[in-house]
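Topology and contacts: notes
Listed here are the chains, written in short residue letters.
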Amino acid sequence: MTAADPDRSMPRADDPIAEVRNLTVAFEMDRGQSRVVDDLSVDIERGEILGVVGESGSGKSMFASSLMDAVVEPGVASGDVTYHPPSGESVDVLELSKGELQELRWEEVAMVFQGAMSSFNPVRTIRDHFVETLSAHDYNVSDGLERARELISDLYMDPERVLSSYPHELSGGMSQRVLIALSLILDPELLVMDEPTAALDLLMQRSIISLLDGIQEKHDLSIVFITHDLPLVAGLADRIAVMYAFEMVEMGPTDELLTDAAHPYTRALLNSTPNLRAPIDRMRSIDGESPDPVNIPSGCSYHPRCPMADEQCREVDPEPYRVDGDHAANCHYWEEAAEAVPAVTEEFDDAGEMGAAATERTPERRSGEPVLSMDDVEVYFEQESSAFSLFSDPDDVKAVDGIDLDVYDEDVVVLVGESGCGKTTLGKTAIGLQRPTGGVVEYRGQDVWQARDLVGDIDIPYEEIRQSLQIIHQDPGSALNTHRRVRAVLETPLKRWYPELDGNDRRERILGMLEYVGMTPPEDYIDRYPFQLSGGEMQRIALIRALLINPELILADEAVSALDVSLRVEMMDLLLELQDTFDTSYLFISHNLANARYITEKADGRIGVMYLGELVEIGSPERIINDPKHPYTQALRWATPELDPDDDPGERPMRKIDIPDAANPPSGCRYHTRCPEAREACRHQRPELVEAEGEEPGYQQAACFREYEDHEYWDSEPITDEDDADSVDSGTGPGTAEADD
Amino acid sequence: MDWRVERLTQGLLTVFLVITLSFVIIRFMPGNPMDYILAQMSGDATGATSGEGGASGSDMEQQYELVQAYLSMNPSDPLHVAYFDYMSNTLRGDLGQSIYYSRPVSDILGRAMPWTLFVLSWGLAIGFVLGIITGSLIAYWEGSKLDVGLTAYSVIMGSIPYYVLALLLIVYMAYRWQIFPTNGRVPEGVTAGLNWPFIKGIIYHASLPIASTVVFSGIASLSMRGNAIRVLGEDYLRVARLRGLSDGVIATQYVARNAILPLYTGLMISIGSLFGGSVILETIFRYRGMGYYLVQAANARDYPLMMGGFMLLTICVVIALFITDLTYGLIDPRAGDENREAF
């Protein structure tokens, strides 16, 4: 593809649509110049999908903005960004006048942002957004709207309904797709996507990724796809560029980069990314932290964290070294990187190895009395109603609808599912923060709410139950009081539950815990305020706060989602290590199957899959990952990207992208509206959880008629999109409330 | 049920409760209006017929009838009858008779009401337009000298009580420089009607009261500044700029519309405090509106007029908030029709 240029090691494109040379984006700050993009050069080939991967704070968003000279003030972009239109003069984007820029933006180079929900003016309809864009660029409005309709229906939505909606009436996934349609309305040549799916559920992410392929071909686009999630782009991008510390450290064709990465950072990043295949005991996170943009290390910016760094690395900033073809890495010792940082996936060929560790332990371990037992738990939320609307139908949202779940001593259960499936509600119900509207929650045989209300014989007082069931929230930043020091935050639970301790004892205990979770020196940390801690450190404080009072069960609600990829594995390891020490059980909530797999496999736990308030499948990780029985689990499995260039998303194993309205769930099996295997019987009957076929009891249970040996299902007609008006993605009328929600 | 009906019912319930409360006050409070009038009557009666030992039965009857005329309530009726009479009279618009003016209360307040509304609505409208304009200017030039200057002006305006400004205005504009009249609401010697001299006179007389309420622009511009700066930082504004929308569209449809939304609620809520403020304002300018009569009534212990005035003020605030509820959906689709089908 590229003619090797002996003078320059950077891979050049034959027919670049954009060339970036020595791009620097700088912010003047009180403590010096902050360079968030540092002397970056890259070519973007016409018609390719370039994946740009980097952790948060690596400068990737600034790079994206520079491509259309949209760096937010007071940042200043310097260097050259040359855009080559299909015909006509090439332009230097950073030198354009205001009028020229207006023509370039959106007509030639368009951008899709991360927060689609906040990218629309809340008081204008979607149609207005399209119309104003068209008229601002003097395009024909009626032709343009025709194109908009086509784009919207290509993205599996009903054009008329979407166009007449206000932004708040769209779900997150829909507004992201509408934003993609809006970015393509003027038929641009280059589309820059800045974390376009980061705020979305796994299934929606994957669905959008698989739609992108088609869109790119149909509209002949070049795409720059920026993400922190390496597996996500693995199946999509033609080439991947890895950013670290404000510059590109490695660049190459996707398959080469994934299988044969030459930069130690890329290799370490690959090793730290939880996925479904790599052996868990070999995954590890990268030590240290990304550098501060004001104070970039001299020489190679990765040297403080690199295992093979030497004098040269500390002094000489490496130029791109040509690995081969158009694969280049900014590392002096790229040839030795493979040895220094061996890939965890390498020795992993026989599938047996993976299951081996987990099968040592058996379900018998989960015998005896459960710590927590939920029996037919229901949580219904009444929709907004007041004294005056007594007569209207109570429109309950069935957040949790009839779930049985037992958690045992030192057990780990991970609940996975799309947002709105009720996993957080179930979690809160489990630890007694949410009163169930039906069913029983028992802590060691004591009904939690009876203890609370002082009803019946109480064996365990509510105080003790409250102390035993704790929670860690998703966002540590908002879970800690910003005005209190670490010491004050951690002393509060001790004072409440251990009044016999005096100030010194408390301090000693807190210091001990800080040291235990690796925050050393603890004397330094104890007097800090939360804003003086990093995200990972804040999460540790939240964890200590929960552990200090010796709980039996901790609910960890997306406890690692807010952390950087490279820190997640470390945090999960810490959680499990503490489990051994403190004999705690965990109930995790996650939307990410790869994280769920990592933690359950390591702790011999179970994964429970939830869909619209129901538990559709539960079982050991290797069963859920390798042989999912429920079609919804299969869809989740499909949606979890692999670190594999050949990982083709393939056919979407769902008939519909969007999740139905939880206030009005489908009858029968709730998944039947999206299930590719659905038959007539699924419309009317609700399947119960049954032991999966061919398994020892206790390993895997699924709620699907296909697990029933003898059921009406096998004789009934399949539901297809043609005869099921309710399940067609596009073209739904306002009357069919359950479709296209 | 339709939420509009719901809000209307809530409003009506509030009005009903306020009327009931005034009934309770008149009837049961120690030293209540009824006792007061009775005492005055009997005082008068004993004064007139000195020598006789207290009021006779027929005198009592007469006094009760007088009380009935003033307060729409006969003290000799049993409670439920009195309550029913009072409610039905009040709802028919009969608020009793003013003692001081010897005219029906509804008549006095009905004539005063439009003047108060006139001054208040203009004061409010001008104040908010001014506030929004200065607020947007400050937000756009955030950090500049203009920002510092206008913000200082807004803070000063916002912290001056309106009656202090009113006093300053009347001292300088009316007495010292004699640009504006010191009191009254209509020009003298001009035939009332739709003719220019008369209308001009009305505006002329209302200028100073309206000018004093403009202090509300200070608060409005400060919150407008905050809102606009917040909107300027929103993602959708950045996307709009990248989409190449013209500055005009961005300023009006993006920044202004979204920044004004929170102000609108504030505007309607401040109507309540403004009505209260009219009491002082109209006294200073001797502007015969609702507030003026309220003060007069309080000074003269004219209970019927006072009760009527308070009741009317409450109703005005309830109506203003009801209108806010109805119209908010028009400017913010998110607060709009709850029945609209969302995805």
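Definitions and limits used
- Residues numbered from 1 in each chain as written.
- Chains lettered and ligands numbered in written order.
- Predicted model: local features only at pLDDT ≥ 70, side-chain atom pairs only at ≥ 80, totals over all residues.
- Heavy atoms only, no water.
- UniProt positions renumbered as here; feature names shortened; annotations may be inferred.
- Helix = DSSP H or I, 4+ residues; strand = E, 2+ residues; numbered from the N terminus.
- Buried < 20%, exposed > 50% of the residue type's maximum accessible area, 1.4 Å probe, protein only.
- Contact = heavy atoms within 4.5 Å.
- Areas by Shrake-Rupley, 256 points an atom, 1.4 Å probe, with all protein chains shown as cover.
- Axes fitted to C-alpha atoms, helices over the stretch in contact; angles between N-to-C directions.
- Parallel < 35°, antiparallel > 145°, perpendicular 65-115°, else oblique.
- Left-handed = near helix turned anticlockwise from the far one by under 90°.
- Nonpolar A, V, L, I, M, F, W, Y, C, P; charged D, E, K, R; others polar.
- Core = buried A, V, L, I, M, F, W, Y, C linked by side-chain atoms within 4.5 Å.
- Salt bridge = Lys/Arg side-chain N within 4 Å of Asp/Glu carboxyl O.
- Pairing = 2+ DSSP bridges.
- Disulfide = S-S within 2.5 Å.
- Expected span 1.5 Å × (residues − 1).
- Arc of directions from axis to C-beta.
- Patch = residues over 30% accessible without salt bridge, like charges linked within 9 Å, V, L, I, M, F, W, Y side chains within 5 Å.
- Lys, Arg positive; Asp, Glu negative; His and termini not counted.
- Charge placed at Lys NZ, Arg CZ, Asp CG, Glu CD.
- Phe/Tyr/Trp six-rings, centres within 6.5 Å; stacked < 30°, edge-to-face > 60°.
- Lys NZ or Arg CZ within 6 Å of the ring centre and 35° of its normal.

An unreviewed UniProt entry lists chain B under the name ABC transporter permease, with Saliphagus infecundisoli as the source organism. Regarding chain B, the relevant UniProt record gives this comment under Sequence similarities (unreviewed entry): "Belongs to the binding-protein-dependent transport system permease family."

Looking at an unreviewed UniProt entry, chain A carries the name ABC transporter ATP-binding protein, with the source organism given as Saliphagus infecundisoli. Taken directly from UniProt, the Subcellular location (unreviewed entry) text for chain A runs: "Cell membrane".

**Remarks on the overall build of chain B**
The helix and strand inventory of chain B stands at 13 helices and zero strands. What you see in chain B, going N to C, is helices and strands ordered as α-α-α-α-α-α-α-α-α-α-α-α-α. Split into buried and exposed, the 343 residues of chain B put 42% on the buried side. For chain B, the proportion of contacts with a sequence separation of at least 24, taken over those separated by at least 6, is 70%. A total accessible area of about 17,200 Å² is found for chain B, and carbon and sulfur atoms account for 66% of it.

**Side note on the UniProt feature "domain: ABC transporter" (unreviewed entry) in chain A**
Mapped onto the present numbering, the UniProt feature "domain: ABC transporter" (unreviewed entry) falls on residues 20-270 and 372-637 of chain A. Helix makes up 37% of residues 20-270 of chain A and strand makes up 27%, while its end C-alpha atoms are separated by 26 Å.

**Here we look at the UniProt feature "transmembrane region" (unreviewed entry) in chain B**
All names here are of chain B. According to UniProt, the feature "transmembrane region" (unreviewed entry) maps to residues 12-29, 115-141, 153-175, 202-222, 263-285 and 305-331 in the numbering used here. For residues 115-141, the helix share is 96%, the strand share is 0%, and the end-to-end C-alpha distance is 39 Å. Each end of residues 202-222 is marked by a C-alpha atom, and these two atoms are 31 Å apart; helix forms 90% of the span and strand 0%.

**Observations regarding the packing of helix H6 (residues 145-159) of chain B against helix H9 (residues 216-232) of chain B**
Relative orientation and spacing of two packed helices are given, respectively, by the angle between their axes and the distance between those axes. Residues and elements named next belong to chain B. Here H6 crosses H9 at 135°, and the two axes come no closer than 7 Å. Between H6 and H9, the angle is such that the two are oblique. Viewed along their axes, H6 and H9 form a crossing whose handedness is left-handed. Counted together, Asp147, Thr151, Tyr153, Ser154, Val155, Met157 and Gly158 of H6 and Ser217, Gly218, Ile219, Ser221, Leu222 and Arg225 of H9 form the full contact between these two elements. Residue classes in the contact of H6 with H9 are distributed as five nonpolar, six polar and two charged.

**Side note on the side chain of Ser585 of chain A**
All names here are of chain A. Structurally, the position occupied by Ser585 is in strand E20 (residues 585-590). Overall, the relative accessible area of 0% leaves Ser585 in the buried class. In contact with Ser585, other than residues within four places in its own chain, are Val371, Val407, Tyr408, Asp409, Glu410, Asp411, Glu552, Leu553, Ile554 and Gln579.

**Notes on the nonpolar core**
Residues and elements named next belong to chain A. In this structure, Val52, Phe63, Phe130, Phe225 and Met248 are the most contacted members of the largest nonpolar core, which totals 114 residues. With sequence-adjacent residues up to four places away left out, Phe63 is seen in contact with Val20, Leu23, Val37, Leu40, Val42, Val52, Val224, Ile226, Met243 and Met248. Counting 78 residues, the second-largest nonpolar core is a separate cluster that includes Leu543, Leu548, Ala559 and Trp638.

**Section: the pattern of salt bridges**
All names here are of chain A. Using the criterion set out here, one finds 42 salt bridges over all chains in the structure. Here Asp15 ties to Arg46 by a salt bridge, and the two come within 3.2 Å at their closest N and O atoms. Of this pair, Asp15 sits in the segment before strand E1 (16-29) while Arg46 sits in the loop between strand E2 (32-45) and strand E3 (49-53), and the two are 31 residues apart along the sequence. Given a relative accessible area of 26%, Arg46 falls into the partly exposed group. A salt bridge links Glu601 to Arg597; the shortest N-O distance between them is 3.2 Å.

**Side note on the pairing of strand E21 (residues 606-611) of chain A**
All names here are of chain A. Taking burial as the measure, the six residues of E21 include six buried ones, the bulk of the element. Neither face of E21 is open: one carries Arg606, Gly608 and Met610, the other Ile607, Val609 and Tyr611, and all of them are buried. Where strand E15 (residues 412-416) meets E21, four bridges bridge the pair, whose relative direction is parallel. When the bridges of E21 are listed, Val416 appears paired with Val609. Sheet analysis places E21 next to strand E22 (residues 614-619), joined by five bridges and oriented antiparallel. When the sheet's bridge partners are listed, Val609 is paired in E22 with Glu617.

**Some points on the sheet that holds strand E6 (residues 109-112) of chain A**
Residues and elements named next belong to chain A. Taken together, the eight strands give an open sheet; going across it, the order is E6-E7-E8-E3-E9-E10-E12-E11, and neighbouring strands pair in mixed fashion. Edge positions in the open sheet fall to E6 and strand E11 (321-324), since each of these has one partner strand only. Direction aside, the axes of adjacent strands within the sheet are offset by 20° on average. The strands touched by helix H6 (residues 172-183) within the sheet are E6 and strand E7 (190-194), with E6 carrying the most contacts at an inclination of about 175°. Helix H7 (residues 202-219) rests against E3, E7 and strand E8 (222-227) of the sheet, and its axis sits at about 160° to E8.

**Describing the environment of Met251 of chain A**
Residues and elements named next belong to chain A. With respect to the helices and strands, the residue Met251 is situated in strand E10 (residues 247-253). For the pair Met251 and Leu533, spaced 282 residues apart in sequence, the C-alpha separation works out to 33 Å. If we ignore the near neighbours within four places in the chain, the residues touching Met251 are Ser41, Val42, Arg239, Ile240, Ala241, Leu257, Asp326, His327 and Ala328.

**Some details on the state of the cysteines**
Residue and element names in this part refer to chain A. Applying the stated criterion to the full structure yields zero disulfides over all chains. In this model Cys669 remains outside any disulfide bridge; the closest cysteine sulfur is found in Cys682, 5.7 Å from its own. Of the cysteine sulfurs around Cys675, a residue in no disulfide, the closest is that of Cys704, at 6.1 Å. Its relative accessible area of 7% is what places Cys675 among the buried residues.

**Observations concerning the side chain of Ser272 of chain A**
Assignment of secondary structure puts Ser272 of chain A in helix H10 (residues 264-272). Among residues more than four places away in sequence, those in contact with Ser272 of chain A are Arg284, Ser285, Val565, Ser566 and Val569 of chain A.

**As for helix H19 (residues 503-516) of chain A**
Residue and element names in this part refer to chain A. Between the first and last C-alpha of H19 there are 20 Å, a value that for 14 residues agrees with the 20 Å anticipated at 1.5 Å per step. Taken together, the buried positions of H19 are occupied by Arg506, Ile510, Leu511, Met513 and Leu514. Projection of H19 onto a plane perpendicular to its axis shows the buried side chains occupying an angular sector of 165°, all on one side. H19 presents Asn504 and Glu508 as exposed residues on the side facing more than 90 degrees away from its buried surface. Gly518 sits one or two residues past H19 and shows a positive phi near 85°.

**Examining the sheet that holds strand E24 (residues 700-702) of chain A**
Residues and elements named next belong to chain A. Ordered in space as E18-E19-E20-E15-E21-E22-E24-E23, the eight strands form an open sheet in which the pairing is mixed. The sheet is open, and its two edges are formed by strand E18 (469-472) and strand E23 (690-691), each paired on a single side. On the sheet, helix H21 (residues 535-547) packs against E18, strand E19 (553-557) and E20 and is oriented at approximately 175° with respect to E18. Contacting E15, E18 and E20, helix H22 (residues 565-582) runs over the sheet at an angle of about 160° to E20.

**Topic: a negative patch on the surface**
Residues and elements named next belong to chain A. Side chains of Glu500, Asp502, Asp505, Glu508, Glu515 and Glu523 sit close together on the surface and give a patch of like negative charge. Ranked by residue count, the leading element in the negative patch is H19, at three residues. For Asp505, the location among the structural elements is in helix H19. The class for Asp505 is partly exposed, based on a relative accessible area of 37%.

**Description of the environment of Ile315 of chain B**
Structurally, the position occupied by Ile315 of chain B is in helix H13 (residues 303-331). Between the C-alpha atom of Ile315 of chain B and that of Tyr163 of chain B, which follows or precedes it by 152 residues, the distance is 24 Å.

**Re the packing of aromatic side chains**
Counted under the stated rule, the structure contains 20 aromatic pairs over all chains. Between the aromatic rings of Tyr611 of chain A and Tyr671 of chain A, the centroid separation amounts to 5.0 Å while the plane-to-plane angle is 85°, which identifies the pairing as edge-to-face. Taken together, the residues span a long stretch of sequence, with Tyr611 of chain A in strand E21 and Tyr671 of chain A in the loop between helix H25 (631-639) and helix H26 (680-684) at a distance of 60 residues. Accessibility expressed as a relative area gives 1% for Tyr671 of chain A, which makes it buried. Seen from their ring centres, Phe23 of chain B and Tyr86 of chain B are 5.5 Å apart, and the 45° between their planes marks the pair as tilted. Taken together, the residues Phe23 of chain B in helix H1 (residues 3-28) and Tyr86 of chain B in helix H4 (residues 79-91) connect sequence positions 63 residues apart. Each member of the aromatic cluster is reached from another via a ring pair, and the members are Tyr244, Tyr265 and Tyr302 of chain A. Taking the ring centre of Tyr713 of chain A as reference, the NZ or CZ of Arg679 of chain A above it sits at 4.7 Å.

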